[in-house]
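Working through the structure, step by step
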Amino acid sequence: MSISSVPFVALDRQYLKYKSEIDAAFERVALSGVYVLGPDVAEFEKELAEICNVKYAIAVANGTDALVLSLRALGIGDGDEVITAPNSFIASAGSIIAVGATPKFCDVRDDHNMDPTKLEAVITSKTKAIMPVHLTGRPAPMDEINAIAKKYGLYVIEDSAQAIDAKYKGRAVGSLGDMGCFSLHPLKNLFVMGDGGFITLSNDDHYHAIKRIQNHGLINRNECSEWGMNSRLDTILAAMGRVKLAHIEEITARFREVASMYREGLKDIVSVPIDTPDEFSVYHNFVILTDYRDDLQAYLQKNNIGCAIHYPIP
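All of the points below concern the structure found in this document. Computed from a predicted model, the values in this text were never measured in an experiment.

Counting buried residues in strand E1 (residues 56-60) gives five out of five residues, a clear majority hidden from the surface. With burial as the criterion, each face of E1 is covered, one bearing Tyr-56, Ile-58 and Val-60 and the other bearing Ala-57 and Ala-59. Pairing geometry for E1 and strand E9 (residues 197-201), over five bridges, is antiparallel. The residue bridging Tyr-56 from the neighbouring strand is Leu-201, located in E9.

In structure tokens, the structure reads:
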């Protein structure tokens, strides 16, 4: 059998696999007349909290909002600095800018995650938080990062946008810092038919702060305690997310299976990612390294094999 092309992503395949369940969820919500918040959002949050082994999960409009809301709930803003990785998607640094703070960059290791041996050199008297990124679905070295954060009295916000169901030393990503921020964008391992995100945490005060800020800062129907945002996950998307979340172990296993096939087939040609004993990666992307990157990409594209650079501009 000949294969004419290999797409970089093929989102319709997952829909077809769970079509009957997704269609049923859509019809149920459509007939309910509850399209904002409601039982599906509440249940989705409970299920996400359980998966991530935290007390709370808060569903929001997108992964960037998750980062912004977390920073705001921690009181981070003008004059503050937040340390993050320079090789992530622009939303990591952009969320820091959005609250009026300044991003500072800590270089990364060969695994593309923050290098804790270079972290202390970036900390100043203005530093308020560290935002490690679990890039490509591979957990960052959280024990070392948390130890440094504790030493300097800093918050830790996990940018877990690409890492749902990943684990570090057996512990769920999103439970390893003060807050975890996830994306449900269609290019993520767990995705909905639109944009979405969620925040994981266990601190009561931070939970109530985020719940208030995400809903215009309202304390009742007509009064607000502060200027907030409108960042809620649509009910229909929460219902679809619940369908996918029920299959998360199967979804993760398939990502890891494909990664294993790539690793075996490519290990003698290019540098490939390898799991360490501390890591359970979910391979949002399978990132290879080669001195002939641009030539290889051109060759793959010529042969209708999808590939991308994440990200070409630091």
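Next comes the rest of the write-up.
This brings us to the packing of aromatic side chains. Inspection of every chain in the model, using the stated rule, returns five aromatic pairs. Taken together, a centroid distance of 5.4 Å and an interplanar angle of 50 degrees make the contact between Tyr-262 and Phe-286 tilted. Separated by 24 residues along the polypeptide, Tyr-262 in helix H9 (residues 248-266) and Phe-286 in the loop between strand E10 (279-280) and helix H10 (293-302) bring together distant segments of the chain. Taking relative accessible area as the criterion, Tyr-262 reaches 42% and is therefore assigned partly exposed. An aromatic cluster is defined as three or more aromatic residues linked by ring pairs; in this entry it consists of Tyr-262, Tyr-283 and Phe-286. The ring of Phe-280 has Arg-256 lying over it, and the distance from NZ or CZ to the ring centre is 4.1 Å.

Residue placement: Leu-11 occurs in the segment before helix H1 (12-17). Leu-11 sits in the partly exposed class, given a relative accessible area of 33%. Between the C-alpha atom of Leu-11 and that of Val-34, which follows or precedes it by 23 residues, the distance is 27 Å. When residues no more than four places from it in sequence are discounted, the contact partners of Leu-11 are Pro-186 and Phe-191.

Taking burial as the measure, the five residues of strand E5 (residues 155-159) include four buried ones, the bulk of the element. Alignment of strand E4 (residues 127-131) against E5, held across two bridges, turns out to be parallel. Counted as the bridge partner of Ile-130 is Val-156 from E5. With helix H6 (residues 142-152) bridging E4 and its parallel neighbour E5, the resulting β-α-β unit is right-handed. Inspection of the sheet shows E5 paired to strand E8 (residues 179-183) by three bridges, in the parallel sense. In the sheet register, Glu-158 faces E8, and the bridge partner there is Gly-180.

Rules used in this analysis
- Residues numbered from 1 in each chain as written.
- Predicted model: local features only at pLDDT ≥ 70, side-chain atom pairs only at ≥ 80, totals over all residues.
- Heavy atoms only, no water.
- Buried < 20%, exposed > 50% of the residue type's maximum accessible area, 1.4 Å probe, protein only.
- Helix = DSSP H or I, 4+ residues; strand = E, 2+ residues; numbered from the N terminus.
- Pairing = 2+ DSSP bridges.
- Phe/Tyr/Trp six-rings, centres within 6.5 Å; stacked < 30°, edge-to-face > 60°.
- Lys NZ or Arg CZ within 6 Å of the ring centre and 35° of its normal.
- Contact = heavy atoms within 4.5 Å.
- Right-handed = clockwise from strand over helix to strand, strands pointing away.

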